[in-house]
Amino acid sequence: GVHAMKKGGGVVKGIKTGRHLGRCFMPPSAGFIEGLLAGRSMTLTKQDKHGYHKLTVQRAREGDMIDFFDGTGAPAVQGRLETKFKNGDALIAPMTTQTLQATLPLTITHTATPAPTTQMTTATATRTIPRLGVCVGMPKGNRADWLVQKLTEIGVDDIYPLSAQRSVLAPGEGRLERWERITLEACKQSLRLTIPIVHEPSILSKIITSANQDTYRIYWGSMDGSAVPLQDALAADRYRLKPVTPQAMLKTATTTPTTTTTTPPTPTATPQDSLAAVLVAIGPEGDFTEPEKQLLQQLGAVPVSLGPRRLRTETAAFVMASAVSLAL
């Protein structure tokens with residue numbers, strides 16, 4: 001949601017409010033958000049790591065407002081800290097519909113995130129835009145952390161750490177857990193409602209062999225002379241990336257005070273022809289090997305160029321993902 005409340009607090013429809021403390025993640029299994037939606041006051045405890053941050057680090061006090069989200073794409077639910085107990089826990093009261101309308105004038109919804117898989121994730125039937133995945137040979141150090149953060153902020157749904165033949169980083173379990181924490185914090189900062197999936201590291205063939213070219217598109221970052229500019233590749237796919245519905249086609253009719261004419265629409269793809277997912281593939285610092293490039297070609301991946309300059313792995317991945325995200 002988009003919040004209208006100032007951080008300094010105020011009065012909302014007769015309810016005295018304190019500060020607005022931003023977002024707090026609560027997994028669906030906790031039943032916390034479900035309880036608030038049912039009109040029940042729920043206990044936020046310091047034993048929960050997310051509750052600990054609000055109650056101890058941010059020093060939440062009575063009257064403060066907190067937005068709770070579960071990462072599935074459901075709208076965030078706002079609660080008011082009603083009572084602060086001596087042990088540091090707190091009772092969170094649900095907001096009324098009228099108060100929610102005053103504090104959250106805009107609601108953004110997304111489709112729930114599916115379970116992780118080592119292959120490309122299929123979009124659900126209710127999602128109106130393709131899922132966006134990034135397959136990338138992760139760079140070393142905090143550059144990989146930066147990339148995970150930025151991919152989350154721009155709306156990437158799936159992050160596939162690539163174990164390529166020239167990879168310089170082999171992420172362990174500890175690194176994957178760190179990246180999951182980074183995605184959660186980036187969701188809070190960017191007001192995103194769905195948490196991207198950071199998949200287990202895998203080789204290129206396992207990540208992309210499930211791709212069906214009738215429903216998937218793979219854009220492969222390439223420095224080869226045969227690569228087409230990324231903007232041209234996106235333009236060629238524009239009606240599958242963002243199909244025109246019959247309702248939108250009717251809007252092509254133009255009316256003047258004296259005559260009414262209908263402009264024939266450009267040939268378009270129907271919603272049934274839309275892509276289920278788009279994958280951006282970026283090699284490691286040493287680029288893809290020739291066998292890996294041949295595999296991409298065999299699967300119909302489109303080699304695209306980002307211009308004449310040689311970019312770092314994380315820069316190329318971020319630029320490509322941003323451009324594709326804006327085209328969806």
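Position numbers for residues count from 1 along each chain, tracking the sequence in the order it is written. A pLDDT threshold of at least 70 governs which residues receive local features in this predicted model, and a stricter bar of 80 or more applies before side-chain atom pairs are shown or counted, although totals over entire chains, interfaces and linings include all residues. In computing side-chain properties, one takes all heavy atoms of the structure into account and sets aside hydrogens as well as water.

## Section: the pairing of strand β8 (residues 131-136)
For step 1, the next point in the chain: Here β8 lies mainly inside the structure; six of its six residues are buried.
For step 2, the next point in the chain: Residue exposure (1.4 Å probe, protein chains only): buried if accessible area is under 20% of the type maximum, exposed if over 50%, otherwise partly exposed. Note on conventions: DSSP H or I runs of at least 4 residues are helices, E runs of at least 2 residues are strands, and numbering of each starts at the N terminus. The alternating pattern of β8 places R131, G133 and C135 and L132, V134 and V136 on opposite faces, both of which are buried.
For step 3, the next point in the chain: Pairing analysis gives six bridges linking β8 to strand β15 (residues 277-282), with the strands arranged parallel. Bridging across to β15, V136 finds its partner in I282. Strands are labelled as partners when DSSP assigns at least two bridges between them.

## Quick look at the pattern of salt bridges
For step 1, the next point in the chain: By definition here, a salt bridge exists when the distance from a side-chain nitrogen of Lys or Arg to a carboxyl oxygen of Asp or Glu is within 4 Å. Evaluated as defined, the whole model comprises twelve salt bridges.
For step 2, the next point in the chain: Taking the shortest distance from any N to any O, the salt bridge between R178 and D145 comes out at 2.7 Å. A residue pair is termed long-range when its members are at least 10 positions apart, and R178 in helix α5 (residues 173-190) and D145 in helix α4 (residues 142-153) qualify at 33 residues.
For step 3, the next point in the chain: What makes R178 partly exposed here is its relative accessible area of 38%.
For step 4, the next point in the chain: Overall, D145 belongs to the buried group, its relative accessible area being 9%.
For step 5, the next point in the chain: What you see here is one network of salt bridges that share partners, running through D224, D287, E290 and K293.

## Quick notes on the sheet that holds strand β3 (residues 20-25)
What links the strands of a sheet is backbone hydrogen bonding, and the strands pair in either a parallel or an antiparallel sense.
For step 1, the next point in the chain: Strands sit in the order β3-β5-β6-β7-β4 across an open sheet of five strands; the sheet is mixed. This sheet does not close on itself; its edge strands, each paired only once, are β3 and β4 (42-44). For this sheet, the mean angle separating the axes of adjacent strands, direction not counted, is 40 degrees.
For step 2, the next point in the chain: In this sheet, strand β7 (residues 90-94) lies alongside β4 in antiparallel orientation, the contact comprising three bridges. Residue pairing across strands places L44 opposite A90, the latter belonging to β7. With axes taken as lines fitted to C-alpha atoms, and helix axes fitted only over the stretch in contact, angles between N-to-C directions fall between 0 and 180 degrees.

## What about helix α2 (residues 49-57)?
For step 1, the next point in the chain: Three or more residues of α2 are buried, namely H50, G51, K54 and L55. One side of α2 carries all its buried residues, which in axial view fall inside an arc of 115 degrees.
For step 2, the next point in the chain: Looking at where α2 begins, the residue whose side-chain oxygen comes 2.9 Å from the main-chain nitrogen of H50 is D48.
For step 3, the next point in the chain: Backbone geometry just after α2 places R59 at a positive phi near 55 degrees. An arc is given here, and it is the one of the directions from the helix axis to the C-beta atoms. Throughout this description, a polar contact denotes any pair of N or O atoms lying within 3.5 Å of each other; where both atoms belong to protein, one of them has to be capable of donating a hydrogen while the other can accept it, and for residues adjacent in sequence the pair is counted only when both atoms sit in side chains.

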